[in-house]
Amino acid sequence: MTDGRSTPLSHTARFECDALAIRGARALVGEVLTREGWAPLDVERARLVVSELVANAVVHARSPFTLSYSYDGVLRVGVTDDDPHSDPHPKDAEPGRIGGMGLRLVAEISRDWGVDRTATGKTVWSVLEPQHDRQMASSSGA
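Notes on the structure in this doc start here. Nothing here was measured: the structure is a model prediction, and the numbers come from that model.

### Quick word on the pattern of salt bridges
Thought 1: Applying the stated rule across the entire model yields seven salt bridges.
Thought 2: Salt-bridge contacts for arginine 76 lead to aspartate 72; the nearest nitrogen and oxygen are separated by 2.9 Å.
Thought 3: Its relative accessible area of 42% is what places aspartate 72 among the partly exposed residues.
Thought 4: In this structure, arginine 111 and glutamate 129 form a salt bridge, with 3.2 Å as the shortest nitrogen-oxygen distance. With arginine 111 in the loop between helix 3 (102–109) and strand 4 (112–117) and glutamate 129 in the loop between strand 5 (122–128) and helix 4 (135–139), the pair connects residues that are 18 residues apart, well separated along the chain.
Thought 5: Take arginine 111: its relative accessible area is 48%, and that puts it in the partly exposed class.

### Quick look at the sheet that holds strand 3 (residues 75–81)
Thought 1: Strand order in the open sheet made by the five strands is 1-2-3-5-4, with antiparallel pairing throughout. Across the chains shown, the open sheet's two edge strands, defined by having one partner strand only, are strand 1 (9–15) and strand 4. Across the sheet, the mean angle separating the axes of adjacent strands is 15° when strand polarity is ignored.
Thought 2: Examined bridge by bridge, strand 4 and strand 5 share six bridges and lie antiparallel to one another. In the sheet register, tryptophan 113 faces strand 5, and the bridge partner there is serine 126.
Thought 3: Contacting strand 2 (65–71), strand 3 and strand 5, helix 2 (residues 40–61) crosses the sheet at an angle of about 10° to strand 3.

### A few points about helix 2
Thought 1: In this model, helix 2 (22 residues) spans 31 Å end to end at C-alpha, consistent with the 32 Å of a helix rising 1.5 Å per residue.
Thought 2: Immediately downstream of helix 2, the backbone of arginine 62 shows phi near 50°, a positive value.

### Side note on the pairing of strand 5
Thought 1: The buried fraction of strand 5 is high, at six of seven residues.
Thought 2: Alignment of strand 3 against strand 5, held across seven bridges, turns out to be antiparallel. Each residue of the ladder has a partner; that of arginine 76, found in strand 5, is valine 127.

### Some details on helix 1 (residues 20–35)
Thought 1: In a regular helix each residue adds 1.5 Å, so 16 residues correspond to 22 Å; helix 1 covers 23 Å between its end C-alpha atoms and thus fits that length.
Thought 2: Of the residues making up helix 1, those classed as buried are Ala21, Ala25, Arg26, Val29, Gly30, Val32 and Leu33. Around the axis of helix 1, the buried residues are gathered within 165° of arc, so they sit on the same side. Every exposed residue of helix 1 that faces more than 90 degrees away from the buried side is listed here: Leu20, Arg23 and Arg35.
Thought 3: With its phi angle positive at about 90°, glycine 37 sits one or two positions after the end of helix 1.

Reading the values: the criteria
Residues numbered from 1 in each chain as written. Predicted model: local features only at pLDDT ≥ 70, side-chain atom pairs only at ≥ 80, totals over all residues. Heavy atoms only, no water. Salt bridge = Lys/Arg side-chain N within 4 Å of Asp/Glu carboxyl O. Buried < 20%, exposed > 50% of the residue type's maximum accessible area, 1.4 Å probe, protein only. Helix = DSSP H or I, 4+ residues; strand = E, 2+ residues; numbered from the N terminus. Pairing = 2+ DSSP bridges. Axes fitted to C-alpha atoms, helices over the stretch in contact; angles between N-to-C directions. Contact = heavy atoms within 4.5 Å. Expected span 1.5 Å × (residues − 1). Arc of directions from axis to C-beta.

Remember that the coordinates give geometry; whether it matters functionally is a separate question.
Listed below in structure tokens is the structure:
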């Protein structure tokens, strides 16, 4: 799927370590993908992935973080925090566990995902492709 864009769209935003940052990051990515014509279900998938990555930074890294994304028909999103010590990995479901399944969702929804470490922090990233025809966006009234 080509969109005729000659250069990829990319953006970086810095957020404070605050639960409200989750909503802000979701909105930022959702607005971009809606403008780019992604189907509503695909926008929601991307918003869910962003929510999970940002929530992990807020809860576990407890530091300001950077959300970066690029879009060239495929969305690449990353959340960079200042905690080099935490070990993000998907967890298995356990009876009675509350939470802890966010990266399992990210792994299921994303085409690919991973963690890149530096001496001072890490970036948890995801790659998403639209699964639904762009026509759905216009036919659903979005």
